[in-house]
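Spelled out, the chains give:
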Amino acid sequence: MKLSYAAAHAASLADPAAFWLRQARELAWHTPPTQGLNRDADGADRWFADGRLNTSYLCLDAQVAAGRGPQAALIYDSPVTNTQRTYSYAELLDHTARLAGGLRELGVEAGDRVLIYMPNVPEAVMAMLACARLGAVHSVVFGGFAPPELAVRIDDARPRVLICAAGGMEFDRVIPYKPLVEQALALATHPPAHVVVWQREFVQAEMRPGRDVNFNDLLRAAPVAAVPVAATHPLYILYTSGTTGRPKGVVRDHGGHAVALRYSMAALYDLAPGDVIFTGSDIGWAVGSSYIVYGPLLRGCTTVLFEGKPVRTPDAGTFWRMVEEHRIKVLYTAPTAIRAIKKEDPDGLLARKYDLSSLRHLFLAGERCDPATFAWAGALLGVPVVDHWWQTESGWPMLATLVGLAEMPPPRAGSAGFPVPGYDVCILDEAGQPVPAGTTGLVAVRLPLPPGCFPALWQDADRFRAYHDVYPGYYLSGDGGYRDADGYCYLMGRVDDVINVAGHRLSTGELEEILAAHPAVAECAVLGLADELRGQVPAGLVVLKDGQTIAEPALEQELVAAVRARIGALACFRQVLVVARLPKTRSGKILRKTLRQLADGEPFALPATIDDPLILDEIRAGLARRGLGQGFAPSC
Ligand code: AMP
């Protein structure tokens with residue numbers, strides 16, 4: 001019998017250690033934990049400190065031992081390369097154990113870092129699991145990042161080995177990865193000893209003798225057993241944008257992560273062993289890591305790994321085709337993907353071509369799901385649409401409609417649902433006091449955070465502490481929102497200098513650094529403009545240095561190219577407006593919120609602290625001249 005949501009949530013807060021130790025018993029530990037929660041020297045809550053386990057073992061060996069050897073573990077569906085391949089648990093275990101053996105021959109041991117720069121291909125999943133098997137710490141970097149971003153991550157993680165694909169396929173365009181890797185290695189101060197290259201039929205990378213190794217050669221090594229590690233041992237580092245140009249290395253551990261994800265597969269997604277989940281994300285993002293790779297395998301499910309796009313590979317029916325072909329029960333993606341499908345197939349004609357009867361739920365995350373998308377998807381698919389909220393830091397959802405629990409209030413348009421067991425989600429005012437229902441405030445979580453949440457930022461204790469220092473006793477999410485009288489929570493966007501472009505976090509500070517480096521630019525502000533397809537797109541307001549006469553279109557072209565070279569196309573940076581001055585407070589702080597409201601055509605009160613209100617009129621006129629803002633920023 002299913003537990004009620006209210007009972008589960010109450011029990012998780014009343015005695016977190018007992019609640020999660022009970023969940024921990026569901027896993028095959030090498031040494032089961034007796035301790036629930038300890039606080040470490042950096043003030044972080046560490047789960048299951050005296051337990052020992054290995055995540056790769058839980059995802060593969062334990063599943064085979066439970067009789068799932070012949071069952072499909074992973075279905076690779078790649079319309080861009082016209083390939084489909086299924087790996088059983090036994091096959092995935094064999095490949096992973098051999099790859100781990102090969103990596104060990106290259107000197108990779110427990111605690112060493114391995115950077116993975118690959119598209120959504122089975123070899124990337126094997127690489128992640130092979131690292132975990134050795135107790136090595138992987139860091140998957142999204143393949144869309146440009147070489148300088150890759151170099152920053154190399155220098156922060158200092159990997160012993162970098163594993164890359166020779167290339168990826170974007171629609172029908174080949175993107176060679178190896179030249180990007182070479183550029184990043186030339187920029188990095190701590191390059192790895194070895195580069196492992198997975199060659200592809202449509203793109204072959206040049207190999208540098210002595211340093212480069214062929215992925216397939218590693219697969220010929222003798223298989224190795226999983227190395228039991230402490231529950232607190234790092235499993236991976238995943239970089240995400242903060243408010244500065246330097247990315248944050250979110251660390252995840254073996255024990256808490258495994259317990260939380262296994263729990264979430266049942267309680268949040270109502271998935272049993274053998275069920276099929278398709279998560280339309282990239283393994284380089286938190287959603288992909290948790291719900292393409294680890295969550296499904298920890299639960300003995302079948303995961304669909306998709307190398308393609310929601311549209312144009314070959315059409316906007318590709319998700320629906322996969323539902324029919326693979327009998328997908330849960331489809332999980334970002335609202336931007338659904339909006340892209342809706343744009344190309346507004347009447348949902350392509351969906352009607354397929355048998356969608358296996359589908360039970362559509363889950364959405366990465367950005368707020370707007371009510372129009374919620375309604376469109378619900379009507380099209382005839383299944384509940386569940387918006388749920390989380391962050392790279394948490395590693396799994398904090399607010400949701402838990403369809404695997406009983407007596408759960410149904411989803412409501414615009415809301416991300418209710419606090420997930422383990423999370424005491426609070427809405428605080430600026431003084432750190434809880435606000436009444438209906439009042440917007442800062443979304444925070446009362447400590448301790450449950451298992452699975454980040455216990456550290458990689459070698460950055462100061463920035464880690466900053467999450468907890470503002471309001472002692474709380475984790476501050478950086479998002480604003482409110483709770484209604486019925487307890488439903490609503491997220492209203494970031495309250496800091498982070499914007500969300502198609503579900504990806506970008507730091508306005510980092511973008512501003514790039515614009516400010518241009519010789520003609522005196523100062524600048526980057527704002528996220530509302531965008532129909534991507535949620536937000538960045539635009540730059542730029543003040544020229546005295547005496548500079550460069551024309552706006554020329555400057556725009558140069559700045560757009562600079563952002564593309566530094567961050568990558570995923571930034572979607574296309575718009576630059578030259579302005580005479582930026583609106584600031586008397587203390588010199590740029591009034592970003594006001595700028596954003598102005599650009600989006602939202603009503604706003606003139607800030608009392610503004611030094612010169614007339615600037616706003618000038619900017620409004622400038623935006624109108626360029627057709628920017630007012631919610632009609634053109635999509636890139
Ligand atoms: P990331 O760490 O890249 O997953 O980005 C996390 C951020 O995305 C959050 O802080 C939110 O601003 C936003 N986000 C993710 N999911 C949702 C959601 N369901 N509703 C509203 N915002 C979301």
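The shown structure was predicted, so the numbers you read here are calculated from the model rather than taken from an experiment.

Parameters and conventions
- Residues numbered from 1 in each chain as written.
- Predicted model: local features only at pLDDT ≥ 70, side-chain atom pairs only at ≥ 80, totals over all residues.
- Heavy atoms only, no water.
- Axes fitted to C-alpha atoms, helices over the stretch in contact; angles between N-to-C directions.
- Helix = DSSP H or I, 4+ residues; strand = E, 2+ residues; numbered from the N terminus.
- Parallel < 35°, antiparallel > 145°, perpendicular 65-115°, else oblique.
- Left-handed = near helix turned anticlockwise from the far one by under 90°.
- Contact = heavy atoms within 4.5 Å.
- Nonpolar A, V, L, I, M, F, W, Y, C, P; charged D, E, K, R; others polar.
- Phe/Tyr/Trp six-rings, centres within 6.5 Å; stacked < 30°, edge-to-face > 60°.
- Buried < 20%, exposed > 50% of the residue type's maximum accessible area, 1.4 Å probe, protein only.
- Near = heavy atom within 4 Å.
- Polar contact = N/O pair within 3.5 Å; in protein donor to acceptor, adjacent residues only side chain to side chain.
- Areas by Shrake-Rupley, 256 points an atom, 1.4 Å probe, with all protein chains shown as cover.
- Pairing = 2+ DSSP bridges.

Peer 1: Please set out the packing of helix 15 (residues 508-516) against helix 16 (residues 552-566) residue by residue, giving values where relevant.
Peer 2: Viewed as axis vectors pointing N to C, helix 15 and helix 16 meet at an angle of 125°, and their least axial separation amounts to 9 Å. The orientation of helix 15 with respect to helix 16, classified from their angle, is oblique. The handedness of the crossing between helix 15 and helix 16 comes out as right-handed. Between helix 15, through E510, L511, I514 and L515, and helix 16, the contact on the second element is made entirely by L559, A562, V563 and R566. When its residues are assigned to classes, the contact of helix 15 with helix 16 shows six nonpolar, no polar and two charged.

Peer 1: Explain the packing of aromatic side chains to me, using residue names and the numbers behind them.
Peer 2: Under the criterion given, the structure shown has 29 aromatic pairs. Seen from their ring centres, W29 and F48 are 5.7 Å apart, and the 70° between their planes marks the pair as edge-to-face. In this pair, W29 sits in the loop between helix 2 (16-24) and strand 1 (37-39) while F48 sits in the loop between strand 2 (45-47) and strand 3 (52-53), placing the two residues 19 residues apart along the sequence. Residue class for F48 comes out buried when judged on its relative accessible area of 0%. For the ring pair Y269 and Y291, a centre distance of 5.0 Å and an interplane angle of 65° mean the geometry is edge-to-face. On the criterion of sequence distance, the pair formed by Y269 in the loop between helix 9 (255-267) and strand 16 (276-279) and Y291 in helix 10 (residues 286-298) is long-range, its members being 22 residues apart. This pair shows no difference in class: Y269 is buried, exactly as Y291 is.

Peer 1: Describe the site of the ligand, and please don't skip the residues or the numbers.
Peer 2: Around the ligand sit 15 residues in total, of which D387, T392, D479, R494 and R505 are the nearest. The separation between a nitrogen atom of the ligand and a polar side-chain atom of D387 is 2.7 Å. In the environment of the ligand, an oxygen atom lies 2.7 Å from a nitrogen or oxygen atom belonging to the side chain of R505. Relative to its free-state accessible area of 490 Å², the ligand is covered by the protein chains to the extent of 92%. In the shell around the ligand, the residues fall into three nonpolar, six polar and six charged.

Peer 1: Any chance you could break down the sheet that holds strand 23 (residues 424-428) for me, citing the residues and the numbers?
Peer 2: The strands making up a sheet are joined through hydrogen bonds of the backbone, oriented either antiparallel or parallel. The strand order across the open sheet formed by four strands is 23-24-25-26, and the pairing between neighbours is antiparallel. At either end of the open sheet lies a strand with only one pairing partner, and these are strand 23 and strand 26 (489-494). The average angle at which neighbouring strand axes cross in this sheet is 50°, direction not considered. Examined bridge by bridge, strand 24 (residues 441-446) and strand 25 (residues 474-483) share five bridges and lie antiparallel to one another. Considered in strand 25, the bridge of L442 is made with G480.

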